[in-house]
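# Breakdown of the fold
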2 protein chains.
Amino acid sequence: MSSLINDVDRLGFESAIAHAQQSYDEGGVPIGAALVWHGSGSSASTTSDEGIGACPRVIGQGHNLRIQKGSAILHAEISALDDAGRQKPDIYRNATIYTTLSPCSMCTGAILLYKIPRIVIGENVNFKGEMELLRSRGVEIVVLDDERCKELMGKFIREKPEEWYEDIGEKHP
Amino acid sequence: MSSLINDVDRLGFESAIAHAQQSYDEGGVPIGAALVWHGSGSSASTTSDEGIGACPRVIGQGHNLRIQKGSAILHAEISALDDAGRQKPDIYRNATIYTTLSPCSMCTGAILLYKIPRIVIGENVNFKGEMELLRSRGVEIVVLDDERCKELMGKFIREKPEEWYEDIGEKHP
Ligand SMILES: [Ca+2]
Ligand SMILES: [Ca+2]
Ligand SMILES: [Zn+2]
Ligand SMILES: [Zn+2]
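Residues numbered from 1 in each chain as written. Chains lettered and ligands numbered in written order. Predicted model: local features only at pLDDT ≥ 70, side-chain atom pairs only at ≥ 80, totals over all residues. Heavy atoms only, no water.

Definition in use: UniProt positions are given in the numbering used here, feature names are shortened, and annotations may be inferred rather than shown by experiment.
As annotated in an unreviewed UniProt entry, chain A carries the name Cytosine deaminase and comes from Trametes coccinea. Recorded under Catalytic activity (unreviewed entry), the UniProt text for chain A is reproduced unchanged: "cytosine + H2O + H(+) = uracil + NH4(+)".

Printed below as a string of structure tokens:
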């Protein structure tokens, strides 16, 4: 685990957290995600000849919409990829995905499909997720062990356990 | 590989094929899928006391919508799960998913998330997919090696290679 993230990571991760909170406020599963493309030039230069589009930026963001939209597929990471829309393979290969909670197998599979090389995860305490599968396929993983993420998710699981277990395809124990 | 499927399988698989053809006719990636719930009673009895709802039926179906909706997430299997909507964990565990083409890692991950125990695949020649991952997690796999699926998919790949490679996150060779 590491809390050493850079400015671009902070941009992506704070977007993910804001979406998690928004989902909670809407009565939904409080998981958020964002997809950041690292840009086409040196990340240090904002005055390059490449102009707008060369700098790192959030290209997709979203949150879990199971409750809000009655959706079985719109997990946070899937929502962020949906928001990003159709992208060329090269874009994903130069991107990082941020999520407030360790990804399930569906979201992990989406990351593998698009060969996103790096994931920053808020926490993996409330849900273990598929970190081993990601690691075995060469995805770089950063776990922040973020207190805000742990607290928000823990609160939701206590308040709406049925919805939480449904979201991960598990029976309420 | 096996062509030995039962009546319920035929129902699900023909729905998947019809969706693949519909997608092709719409100018889209011709992959279709269906989710069949096996019902709550004996599949042989349609006159049981359990009434409507106890018999096997298609609860979700769809096709790839990358081109039609500009979507990076609506692969055929994801569309079928989306169409099925929110379901209790027990429903998926008593279901089979049908798809015209071997599933990518995202769709495989969705199958693993919901613990769908069985998949019937039209063909795995045009795309190998994640059959090993499915098998390693205990999912029963039937590959039909269906000529219609192979022909339709092969035709699309020849006609629109850019779109096909984009759909699987690969660079056009
Ligand atoms: Ca967008
Ligand atoms: Ca439906
Ligand atoms: Zn997920
Ligand atoms: Zn897929």
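We are not done yet, so read on.
### Quick notes on the relation of the copies chain B and chain A
The test is simple: Copies are brought into register by a least-squares superposition over C-alpha atoms of residues with pLDDT of at least 70 in both. We call two residues in contact whenever any of their non-hydrogen atoms come within 4.5 Å of each other.
Overlaying chain B with chain A gives an RMSD of 0.0 Å, the required rotation being 180° about an axis along which the chain moves by 0.0 Å. The transformation just described matches what one would write down for a two-fold rotation axis. Residue Gly109(B), judged by its C-alpha, is the member of chain B lying nearest the rotation axis, at 2.4 Å. Same-surface contact between copies: 100% of interface residues of chain B are shared with the interface of chain A.

### Let's talk about the nonpolar core
How we decide: Among the buried residues, those of types Ala, Val, Leu, Ile, Met, Phe, Trp, Tyr and Cys that are joined through side-chain atoms within 4.5 Å form a nonpolar core. Burial classification: accessible surface area is computed with a 1.4 Å probe over protein chains only, and a residue below 20% of its type maximum counts as buried, one above 50% as exposed, and the rest as partly exposed.
Of all hydrophobic cores here, the largest spans 85 residues; its most connected members are Leu35(A), Trp164(A), Leu35(B) and Trp164(B). With 11 residues, the next largest nonpolar core counts Ile17(A), Tyr98(A), Val120(A) and Leu144(A) among its residues.

### Here's the deal with the coordination of the calcium ion (ligand 2)
Rules: Here a donor is an N, O or S atom found within 2.8 Å of the metal, or within 3.2 Å if the metal is Na, K or Ca; sites may look incomplete because water is not among the atoms. Only DSSP runs of H or I with at least four residues qualify as helices, and only runs of E with at least two residues qualify as strands; both kinds are numbered from the N terminus onward.
Every protein donor of the calcium ion (ligand 2) is listed here as Asp83(B) (O) and Asp83(B) (OD), and their distances to the metal cover 2.7 to 2.8 Å. Mapped onto the elements, Asp83(B) comes out in helix H3 (residues 76-84).

### Points about the interface of chain B and chain A
Going by this rule: Buried area is a sum: the accessible area each of two parts loses on coming together, probed at 1.4 Å, counted once for each and added. Any Lys or Arg side-chain nitrogen found within 4 Å of a carboxyl oxygen on Asp or Glu counts as a salt bridge. Each polar contact in these results corresponds to two N or O atoms within 3.5 Å; when the atoms are within protein, one needs to be able to donate a hydrogen and the other to accept it, and residues that are neighboring in sequence are counted only if both atoms are side-chain atoms.
With 40 residues of chain B at the contact, the number on the chain A side is 40 residues. Counting the surface lost from both chain B and chain A, the interface buries some 3200 Å², and carbon and sulfur atoms represent 54% of this. Ranking the residues of chain B by area buried against chain A places Ile73(B), Arg86(B) and Glu166(B) at the top, with a combined share of 21%. Here chain B is connected to chain A by 12 salt bridges. In this structure, the salt-bridge partner of Glu170(A) is Lys115(B), at a minimum N-O distance of 3.2 Å. Connecting chain B to chain A are 22 residue pairs in polar contact (both at pLDDT 80 or more).

### Looking at the sheet that holds strand E5 (residues 140-143) of chain A
All names here are of chain A. The following threshold applies: DSSP calls a pair of strands paired once it identifies at least 2 bridges connecting them. An axis is simply a line fitted to the C-alpha atoms; with a helix, the fit covers only the stretch in contact. Between two such axes, the angle follows the N-to-C directions and lies from 0 to 180 degrees.
Ordered by their spatial adjacency, five strands build an open sheet running E2-E1-E3-E4-E5, and the pairing between neighbours is mixed. Looking at the sheet topology across the chains shown, the edges are occupied by strand E2 (57-63) and E5. The average angle at which neighbouring strand axes cross in this sheet is 15°, direction not considered. In the sheet, strand E1 (residues 32-37) pairs with strand E3 (residues 95-99) via five bridges, with the strands oriented antiparallel.

### As for the coordination of the zinc ion (ligand 3)
Residue and element names in this part refer to chain A. Donor atoms from the polypeptide that coordinate the zinc ion (ligand 3) comprise His 75 (ND1), Cys 104 (SG) and Cys 107 (SG), at 2.0 to 2.3 Å from the metal. Positions of the donor residues of the zinc ion (ligand 3), expressed as sequence spacing, correspond to H-x28-C-x2-C. You can see His 75 sitting in the loop between helix H2 (66-69) and helix H3 (76-84) and its partner Cys 107 sitting in helix H5 (residues 105-113), a full 32 residues away along the chain. Exposure class is identical for His 75 and Cys 107. Each is buried.

### Description of the packing of aromatic side chains
Residue and element names in this part refer to chain B. For the record, the criterion: Note on ring pairs: Phe, Tyr and Trp rings are taken, using the six-membered ring of Trp, and paired if centres are within 6.5 Å. Classes follow the plane angle, with under 30 degrees stacked, over 60 edge-to-face and the rest tilted.
The tally for this structure, following the rule as stated, stands at four aromatic pairs over all chains. Judged by centre distance (4.2 Å) and plane angle (20°), the rings of Tyr 92 and Tyr 114 are stacked. Of this pair, Tyr 92 sits in helix H4 (residues 89-92) while Tyr 114 sits in the loop between helix H5 (105-113) and strand E4 (118-123), and the two are 22 residues apart along the sequence. Judged by its relative accessible area of 0%, Tyr 92 falls in the buried class.

### A look at the packing of helix H1 (residues 7-25) of chain B against helix H7 (residues 147-159) of chain B
All names here are of chain B. We count it as follows: Any angle that is under 35 degrees is reported as roughly parallel, and any over 145 degrees as roughly antiparallel; angles of 65 to 115 degrees are reported as roughly perpendicular and all others as oblique. Helix crossings get a hand from a simple test, with the near helix turned counterclockwise from the far one by less than a right angle marking a left-handed crossing and a clockwise turn marking a right-handed one. Residue classes follow a fixed rule: Ala, Val, Leu, Ile, Met, Phe, Trp, Tyr, Cys and Pro count as nonpolar, while Asp, Glu, Lys and Arg count as charged, and any other residue, Gly among them, counts as polar.
In the contact formed by H1 and H7, the axes pass within 11 Å of each other and the chain directions differ by 20°. Relative to H7, the element H1 is oriented roughly parallel. The handedness of the crossing between H1 and H7 is left-handed. When H1 is examined against H7, the residues Phe 13, Glu 14, Ile 17, Ala 20, Gln 21 and Tyr 24 are found in contact with a partner set consisting of Arg 148, Cys 149, Leu 152, Lys 155 and Glu 159. Of the residues contributing to the contact of H1 with H7, the split by class is six nonpolar, one polar and four charged.

### Regarding the layout of surface pockets
Vacant regions in the atomic arrangement are exposed by a probe of water-molecule size rolled over the atoms. The condition is simple: Cavity: a set of points on a 1 Å grid over the protein atoms alone where a 1.4 Å probe fits but cannot get out. Pocket: an open set with protein on both sides within 12 Å along at least five of seven lines, its lining residues, like those of a cavity, having an atom within 4 Å of a point. Grid points are joined across faces, edges and corners, and a volume is the space filled by probe spheres set on the points.
Counted as a void, the largest pocket has a volume near 230 Å³. Residue lining of the largest pocket: 15 residues in total, with Leu112(A), Leu113(A), Lys115(A), Ser105(B) and Glu130(B) positioned closest to the centre. Here the residues of the lining of the largest pocket are counted per class, giving eight nonpolar, three polar and four charged.

### Let's talk about the pattern of salt bridges
Scanning the entire structure with this criterion turns up 32 salt bridges over all chains. Among the salt bridges present, the one from Arg118(B) reaches Asp9(B), with a minimum N-O distance of 2.8 Å. Within this pair, whereas Arg118(B) is found in strand E4, its partner Asp9(B) is found in helix H1, the two being separated by 109 residues in sequence. Residue Arg118(B) is classed as buried on the basis of its relative accessible area of 15%. A relative accessible area of 1% places Asp9(B) in the buried class. Across the pair Glu140(B) and Arg118(B) runs a salt bridge, and its minimum N-O distance is 3.3 Å. Of this pair, Glu140(B) sits in strand E5 (residues 140-143) while Arg118(B) sits in strand E4, placing them 22 residues apart in sequence. For Glu140(B), a relative accessible area of 44% corresponds to the partly exposed category. Among the charged side chains, a network of salt bridges with common partners joins Arg66(A), Glu166(A), Asp167(A), Arg86(B) and Lys88(B).

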